[in-house]
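Notes for the structure review
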Amino acid sequence: MPGVSGSASATDPVTRGMAVFNGVGACASCHAITPDTTLVGPSLSGIGARAAAHGGDYLERSILDPNAYLVPGERYGTPNGVSLMPSTYAKTLTPEQVADLVAYLHTL
């Protein structure tokens, strides 16, 4: 994708997290990082500040259990309250990849 980067082998967790976001996690396929841009899922612009307001493990839990904090609106979930976000990341991402992704998301 133009204008995005990140390296899975970087020493910095934020850079590795960016690589997960744009690569193996495929987050960029559904989530924009620019304000007021909606792809499939909500924009993640400012997610770091919103996560801080929720406290603790908000981002990690949102990744591993997408139904935990469902963004209101029919666009993001089924009528019975099931998130459209895949619920497989606990199996497809390593704990380090999740931690790196969370580190990256906190910078947004």
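Look above for the structure.
Each residue is numbered by its place in its chain's sequence as written, counting from 1. Reporting in this predicted model follows two pLDDT cut-offs: at least 70 for local features of residues, and 80 or more for side-chain atom pairs to be given and counted; totals over whole chains, interfaces and linings ignore these cut-offs and use all residues. Note that the side-chain values use all heavy atoms of the structure and ignore hydrogens as well as water.

1. Quick look at the overall build of the protein chain
- Starting at the N terminus, helices and strands are each numbered in turn, a helix being any DSSP run of H or I of at least four residues and a strand any DSSP run of E of at least two. Along the backbone of the protein chain there are 5 helices and 0 strands.
- Walking the protein chain from its N terminus toward its C terminus, one meets helices and strands in the order α-α-α-α-α.
- Overall, the protein chain is about 40 × 25 × 25 Å in size when its C-alpha atoms are taken along their principal axes.
- Note on exposure labels: buried denotes an accessible area under 20% of the residue type's maximum, exposed denotes more than 50%, and partly exposed covers the range between, all computed with a 1.4 Å probe on protein chains only. The 108 residues of the protein chain split such that 31% are buried.

2. Quick notes on the packing of helix H1 (residues 13-22) against helix H5 (residues 95-105)
- Lines fitted to C-alpha atoms define the axes here, with helix axes fitted over just the stretch in contact, and angles between the N-to-C directions of these axes take values from 0 to 180 degrees. It is at 7 Å that the axes of H1 and H5 come closest, and there the two elements cross at 100 degrees. One element, H1, and the other, H5, form an angle in the roughly perpendicular class. On H5, the residues touching Pro13, Val14, Arg16, Gly17, Met18, Val20 and Phe21 of H1 are Glu96, Gln97, Asp100, Leu101, Ala103, Tyr104 and Leu105. Convention used here: angles under 35 degrees read as roughly parallel, angles over 145 as roughly antiparallel, angles from 65 to 115 as roughly perpendicular, and any remaining angle as oblique. Residues count as neighbours in contact if any of their non-hydrogen atoms are within 4.5 Å of one another.

3. What to know about the environment of Leu39
- Considering the arrangement of structural elements, one finds Leu39 in the loop between H1 and helix H2 (47-54).
- We classify Leu39 as partly exposed; its relative accessible area is 35%.
- Taking C-alpha positions, Leu39 is 7.8 Å from Ser29, a pair spaced 10 residues apart along the chain.
- When near neighbours in sequence (up to four residues on either side) are disregarded, Leu39 contacts Ala28, Ser29, Cys30, His31, Ala32 and Arg75.

4. Focus on the layout of surface pockets
- Using only the protein atoms, space was sampled on a 1 Å grid; points where a 1.4 Å probe fits but cannot get out form cavities, open sets with protein on both sides within 12 Å along at least five of seven lines form pockets, and lining residues are those with an atom within 4 Å of a point. Grid points are joined across faces, edges and corners, and a volume is the space filled by probe spheres set on the points. Empty space within the largest pocket amounts to approximately 600 Å³.
- Looking at the largest pocket, it is lined by 31 residues, and the ones nearest its centre are His31, Pro42, Leu44, Ser62 and Met85.
- The set of elements that each furnish at least two residues to the lining of the largest pocket consists of H2, helix H3 (58-64) and H5.
- The element contributing the most residues to the lining of the largest pocket is H3, with 4 residues.
- Partitioned by chemical class, the residues of the lining of the largest pocket number 22 nonpolar, 7 polar and 2 charged. Any residue outside Ala, Val, Leu, Ile, Met, Phe, Trp, Tyr, Cys, Pro, Asp, Glu, Lys and Arg is labelled polar, Gly included; the first ten of those are nonpolar and the last four are charged.

5. Details of the pattern of salt bridges
- Salt bridges are identified by distance alone: a Lys or Arg side-chain nitrogen within 4 Å of an Asp or Glu carboxyl oxygen. The final tally for this structure, using the stated rule, is 2 salt bridges.
- Among the ionic pairs, Asp100 bridges to Arg16, the shortest N-O distance being 2.7 Å. You can see Asp100 sitting in helix H5 and its partner Arg16 sitting in helix H1, a full 84 residues away along the chain. Both residues of the pair, Asp100 and Arg16, belong to the buried class.
- Residues Asp65 and Arg61 are paired through a salt bridge, measuring 4.0 Å at the closest nitrogen-oxygen approach.
- On the basis of relative accessibility, which here comes to 37%, the residue Arg61 falls in the partly exposed class.

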